[in-house]
Amino acid sequence: MADVLFTNARIFDGSGDAPYRGEVLVQGKRITRVTKSGAGARSPAIGGVTMVDAAGAFLMPGMVEAHTHFAWNNQPSLDSIQRMPPEEHILWCAQVAKTYLDMGWTSCVGAATAKPRLDVVIRNAINEGTIVGPRYLAASQEITVPGGLGDTTQPHLPQHEFAFGAIVSGVEEMRRCVRMFAKYGVDSLKINLSGESITGFPSEGSQFTEDEIATCVDEAKNWGKRVSAHARSTKSIKRCVRHGIEVIYHASFADEEALDMLEEHKKEHFIAPGLAWLINTCHHASDYGITPAVARGMGYFRELEAAIETMKALRRRDVRILPGGDYGFAWTPHGTNAKDLENFVKLVGMSNLEALLSATAWGAPIMKLKGQVGEIREGCLADILLVDGDPLEDIAVLQDKRRILAVMKDGAFHRAPPLRRDARTEMTRWAA
């Protein structure tokens, strides 16, 4: 791993301050120096260092995706995701992990997987260098109840192996389920506290008893694991706060009491609303039988309106809202994740700066790496993007792979900028 000096870059450091011209020195896995400089200033050659002349390109932290499903295989149903043969499924996950890194997502939070150990195996393979991907927190399957979201078994095939989720009924089954996933080595447990209209169990419905939820959270904490929840309904959002469930996915239907609770405990929770799923289900799923009329009948237009208003209210209350749009279904394909940032700006009212912070510095705590990722600062891990264009002027540039000129993770280039050899200095510089 060669040391790298980025010169003549426009640096967005994740602090919330305006970008500035300067240079960044990477040694090993970490950023060791960040220096402001005048426009056009360049450092003298440094022996043994690869010099990358950014030529004014936008240098920013790698992005953090808060709601990731590597195992979702761009198919239109839970069954078609879960029943992909395991050999093909693990290869699919490896391919998707690379796609995320290609698109500048250097850290991802697993939000559920389709088979018990898929996320764990992928995380371990990334950490061992067997496959290429972002740093990753591995999740369990979605824990559900008989007949709830994720129970895709049929009456004549009731075996749990045919279910998309992990099905439990009662406190002791919940305890056993959590312990099983802890044994497999997950970082987090995912529990479905509300329904999902497309599956027949309504989004505003809530499942599980209070005792079952408490058992899930208590047992997870005993094993040092985090709990996240699929929580669209008002009741399920309040249950997340009351039970200390840290990561809340969706949070569409929040009444005033739920908003007050989230504001009071805003340092304890992360919200990843998954707006892309709602938007695309309403407007872009006709090829899969979900026309706008069908989506309206399912209640998705109503939920989209509610979700937007909820996110606006949470933003006003300074509650952390992070990108993660339930990507990996047929109408929300992997690799389009940065659309979330545009949705935050156009629909939620975030500035481009806020949206960029939501994908960088605000994501560090959900990765349990506060002060380590999401910033360009001395001592941070060297997860760095070089972008052709200015996301603070046009947040959509991050949706174009061609505009992401370089991706660095842990001080090593996943995608390096084009380099040319300088015989005089024995250095390499980006050919601007």
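The preceding data block contains the structure.
Predicted, not measured: the structure shown is a model, and the values here were computed from it. (Residues numbered from 1 in each chain as written. Predicted model: local features only at pLDDT ≥ 70, side-chain atom pairs only at ≥ 80, totals over all residues. Heavy atoms only, no water.)

Let us look at helix H4 (residues 171-184). In this model H4 runs 20 Å from its N-terminal to its C-terminal C-alpha over 14 residues, within 8% of the 20 Å that 1.5 Å per residue would give. Residues of H4 that are buried: Met-174, Cys-177, Val-178, Phe-181 and Ala-182. Viewed end-on, H4 has its buried residues packed into an arc of 135 degrees, placing them on one side of the element. Opposite the buried face of H4, by more than 90 degrees, sit the exposed residues Glu-172, Arg-176 and Lys-183. Among the residues trailing H4, Gly-185 stands out with phi positive, at a value near 100 degrees. (Helix = DSSP H or I, 4+ residues; strand = E, 2+ residues; numbered from the N terminus. Expected span 1.5 Å × (residues − 1). Buried < 20%, exposed > 50% of the residue type's maximum accessible area, 1.4 Å probe, protein only. Arc of directions from axis to C-beta.)

For the rest of this paragraph, the subject is the sheet that holds strand S9 (residues 139-144). The strand order across the open sheet formed by six strands is S10-S9-S11-S14-S15-S16, and the pairing between neighbours is parallel. The sheet is open, and its two borders are formed by strand S10 (166-167) and strand S16 (270-272), each paired with just one other strand. Both strand S15 (residues 247-250) and S16 contribute to a ladder of three bridges, which runs parallel. Its bridge partner being in S16, Val-247 is matched across the sheet by Phe-270. (Pairing = 2+ DSSP bridges.)

So, on to the pairing of strand S13 (residues 201-206). Inspection of the sheet shows strand S12 (residues 194-196) paired to S13 by two bridges, in the antiparallel sense. The partner of Ser-194 across the bridge, within S13, is Ser-206. Remark: four residues form the turn of the hairpin made by S12 and S13, two consecutive strands paired antiparallel; Gly-200 in that turn has positive phi of roughly 100 degrees.

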